[in-house]
Every structure is written in C-alpha cells, then in structure tokens.
Amino acid sequence: MRRRGQELERAILKAAQDELLESGYAGLTMERVAKRAGTNKNALYRRWPHRAALGVAAYAELAAAHTVIPDTGSLRGDVLALLRAANDHWSSPLGEILRGLLSAAGDDPELLSVLHARVSGGDSGAGMWQAVLRRAGIEVTPRVATVAMGLLRNEFVTRGTPNVPDDVLVEIVDEVYLPLVTGHLPGGAVRGRSSPAASAQER
C-alpha cells in the first residue's frame, strides 16, 4: 500500500535516524534514506530541501527521546543533573551526530538557527531549564535559563574535547548559574527548594 502524509514522513524520519545511528552525519545521504524508507528521493526533497535539514529533523527526535527533566528535590541538584546530562550527551554517539550537524550548518545561517532552536540550547533546551526553575518559583527568559549551557559549550570549544571535568560543571552551577537565577527572586532565596549553598553530598 502506498504511504502518504504523516505515515510516509514517519517512515523517512525513522530511516534517517537509523542511518545517523549507524553511520553518523557524515554517512547520511538522501539516497540511502530513501532506499531504507522504501520511497524515492523526491519524497524527501519535498519535505526537506537538503540532507542537513533532514539530519536536523531526525536528530531532534532522537535527542528528545533521551531527554528527561530531573527532579532531585533541590534546585542545585536539578540544574547540576541537567548540565551533567548535557555533558554526557556530547561524548555519546548522539553528541557526535550533533557536532557533525553543527559543522555542516556553519555556512547556512538559517539552518544553524533551526538547529540551535530545536536541539542545541534554544527554545526546546530552554524549556527544560525553565521547567526546573519554575519549580523553585523562578521565572526567567530563555537566554538566562540556558546560560549554563552556553558556558558548557564554551568549555567544549576551549578544551577541544567533548567532555568537561565534573568539577568544572560544579563551578558553573555554583559560581555562575545559581547566583544568576536566584537573583530573580526577592532576597535571592529559593522558595520551596534547598538553597544554592547545598551540601557537598549533592555533588
């Protein structure tokens, strides 16, 4: 039976995800995805103008499937868990795919904007951080909510490795992020959650 609409789109995205997991972004081609999905390249190009756009869409779903919003019982524990998960992600096979996509999108401002918005600390990434902050009674903009992610990405660039030492993550959380976000509450206190000066047992 010929597939159309969402059924065909789902088959294409699943094929693209399988290709990314098997061969990385470098091995992703429209021909291989079309063959795996049992369709033709025209069906792909009608939905995604090039392989980078398809790669972003496929990766976004893979990343979302591995996303869990932590609830450790403290604001510090939650944000540290988010930052550690992001750090682990960059050293995983999915992180390798993301780095390939970022490299490919470097010459395409529109695609790079979509990539950041969907999977690299933009709107969807900010949503996780904002959800954690709201539990502590803190409301901030997406830019403020993802400051820790920006600092983590800077560590990747300056160190040249996809994994950052845990003591650096703790410094980002304790010395920069928590003082910044708790400043959006009267008196800097965190309502209903443990304070940023949590014990070392949370580390």
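Undergrad: I tried to follow the overall build of the protein on my own but got confused; where do I start?
TA: When its secondary structure is counted, the protein shows 11 helices and 0 strands. Along the protein, helices (α) and strands (β) appear in the sequence α-α-α-α-α-α-α-α-α-α-α when read from the amino end. Burial statistics for the protein: of 203 residues in total, 43% are counted as buried. In the protein, of all internal contacts separated by at least 6 residues, the share reaching a separation of at least 24 is 65%. Total accessible area on the protein stands at roughly 10,500 Å², and carbon and sulfur atoms take up 52% of it.

Undergrad: Hey, could you run me through the layout of surface pockets in this one?
TA: Reported here for the second largest pocket is a volume of approximately 170 Å³. If you trace the second largest pocket, you find it lined by R2, R3, R4, G5, L8, G38, T39, N40, A43, R46 and R47. Considering only residue class, the lining of the second largest pocket consists of 2 nonpolar, 4 polar and 5 charged.

Undergrad: Got a minute to help me understand the nonpolar core in this structure?
TA: Ranked by size, the top nonpolar core spans 60 residues in total, and within it I12, L54, L83 and W129 carry the most contacts. Of the residues forming this core, the biggest block, 9 residues, is contributed by helix α4 (residues 51–65). Once you skip the residues sitting within four places of it in the chain, I12 turns out to touch V33, A37, T39, A43, L44, R47, W48 and L54.

Undergrad: When you look at the packing of helix α10 (residues 147–159) against helix α11 (residues 166–182) in this model, what are you seeing that I'm missing?
TA: Each packed pair of helices is defined by two parameters, the angle between the axes and the distance between the axes. Running from N to C, α10 and α11 cross one another at 145 degrees; their axes reach a closest spacing of 10 Å. Crossing of α10 over α11 shows right-handed handedness. Residues V147, A148, L151, L152, E155 and R159 of α10 pack against V168, L169, I172, V176, Y177 and L180 of α11.

Undergrad: Can you help me understand the packing of helix α5 (residues 75–90) against α10 in this one?
TA: Look at α5 against α10: their axes get within 11 Å of each other, and the N-to-C directions meet at 35 degrees. The two elements α5 and α10 meet at a crossing, and its hand is right-handed. Only A148, M149, L152 and F156 of α10 make contact with α5, whose side of the interface consists of L83, A86, N87 and W90. The residue makeup of the contact of α5 with α10, split by class, is 7 nonpolar, 1 polar and no charged.

Undergrad: Where do I start with the packing of aromatic side chains in this structure?
TA: By convention here, two paired aromatic rings are described through the distance between centres and the angle between planes. This structure, assessed with the given rule, holds 2 aromatic pairs. When the centroid spacing of 5.2 Å and the interplanar angle of 70 degrees are considered together, the rings of W129 and Y177 count as edge-to-face. Here Y177 lies in helix α11 and W129 lies in helix α8 (residues 123–135), a separation of 48 residues in the sequence. Like W129, the residue Y177 is buried in the burial classification. Between R51 and the ring centre of Y25, over which it is positioned, the NZ or CZ distance is 4.1 Å.

Undergrad: What exactly am I supposed to notice about the confidence of the model for the protein here?
TA: Caution applies to low-pLDDT regions: their predicted coordinates should not be interpreted in detail. Scored by pLDDT, the protein has a mean of 83; 86% of the residues are at 70 or more. Note that pLDDT drops below 50 for residues 120–124; the model gives that stretch 12 contacts with residues more than four away or on any other chain. Predicted confidence is poor over residues 188–203, with pLDDT under 50, and the contacts of this stretch with residues over four places away or in other chains come to 38 contacts.

Undergrad: Would you mind showing me how to read the side chain of N87 here?
TA: Turning to its location among the elements, N87 is positioned in helix α5. Ignoring any residue separated from it by four or fewer positions in sequence, one finds N87 in contact with L152, F156, P162, N163, V164 and L169.

Undergrad: Explain the pattern of salt bridges to me, please; I cannot follow it from the model alone.
TA: Close approach of charged atoms allows side chains with opposite charge to pair. Under the criterion given, the structure shown has 14 salt bridges. Residue R36 is joined to E22 by a salt bridge in which the shortest nitrogen-to-oxygen separation is 2.8 Å. With R36 in helix α2 (residues 30–37) and E22 in helix α1 (residues 5–23), the pair connects residues that are 14 residues apart, well separated along the chain. A salt bridge links D78 to R135, with the nearest nitrogen and oxygen atoms 2.9 Å apart. One end of the pair, D78, is in helix α5; the other, R135, is in helix α8, and 57 residues separate them in sequence.

Undergrad: Can you walk me through the side chain of E155 in this structure?
TA: Along the chain, E155 turns up in helix α10. By relative accessible area, E155 is classed as buried at 17%. Excluding anything up to four places from it in sequence, E155 contacts G160, V164, V168 and I172.

Analysis parameters
- All residue numbers refer to position in the chain's written sequence, counted from 1.
- Only residues with pLDDT of at least 70 get local features here, since the model is predicted, and only at 80 or more are side-chain atom pairs given and counted; chain-wide, interface and lining totals rely on the full set of residues.
- Working from all heavy atoms in the structure, the side-chain values ignore hydrogens and water.
- Put simply, DSSP marks the helices as runs of H or I at least four residues long and the strands as runs of E at least two long, and each gets a number from the N terminus on.
- With a 1.4 Å probe rolled over the protein chains alone, any residue whose accessible area is under 20% of its type maximum counts as buried; one over 50% counts as exposed, and the rest are partly exposed.
- The contact criterion used is simple: two residues touch if any of their non-hydrogen atoms lie within 4.5 Å.
- Here the Shrake-Rupley method, with its probe set to 1.4 Å, supplies the accessible areas, and only the displayed protein chains count as covering residues.
- Each cavity reported here is a set of points on a 1 Å grid over the protein atoms alone in which a 1.4 Å probe fits but cannot get out, each pocket an open set with protein on both sides within 12 Å along at least five of seven lines, and each lining residue one with an atom within 4 Å of a point.
- Grid points are joined across faces, edges and corners, and a volume is the space filled by probe spheres set on the points.
- Gly counts as polar in this scheme, as do all residues outside two lists: the nonpolar Ala, Val, Leu, Ile, Met, Phe, Trp, Tyr, Cys and Pro, and the charged Asp, Glu, Lys and Arg.
- To form a nonpolar core, buried Ala, Val, Leu, Ile, Met, Phe, Trp, Tyr and Cys residues must be joined to one another through side-chain atoms within 4.5 Å.
- Only the stretch in contact is used when a helix axis is fitted, and all axes are lines through C-alpha atoms; the angle between N-to-C directions ranges over 0 to 180 degrees.
- By convention the crossing between two helices is left-handed if the near helix lies anticlockwise of the far one by an angle smaller than a right angle, and right-handed if it lies clockwise.
- Here is the rule: rings of Phe, Tyr and Trp (six-membered ring for Trp) pair when centre to centre is within 6.5 Å. Planes less than 30 degrees apart are stacked, more than 60 are edge-to-face, and the remainder are tilted.
- The rule is short: NZ of Lys or CZ of Arg within 6 Å of the ring centre and within 35 degrees of the ring normal puts a charge over the ring.
- Across the chain, each position has a pLDDT score giving the predictor's confidence in that residue, from 0 to 100.
- Should a side-chain nitrogen of Lys or Arg be within 4 Å of a carboxyl oxygen of Asp or Glu, the pair is scored as a salt bridge.

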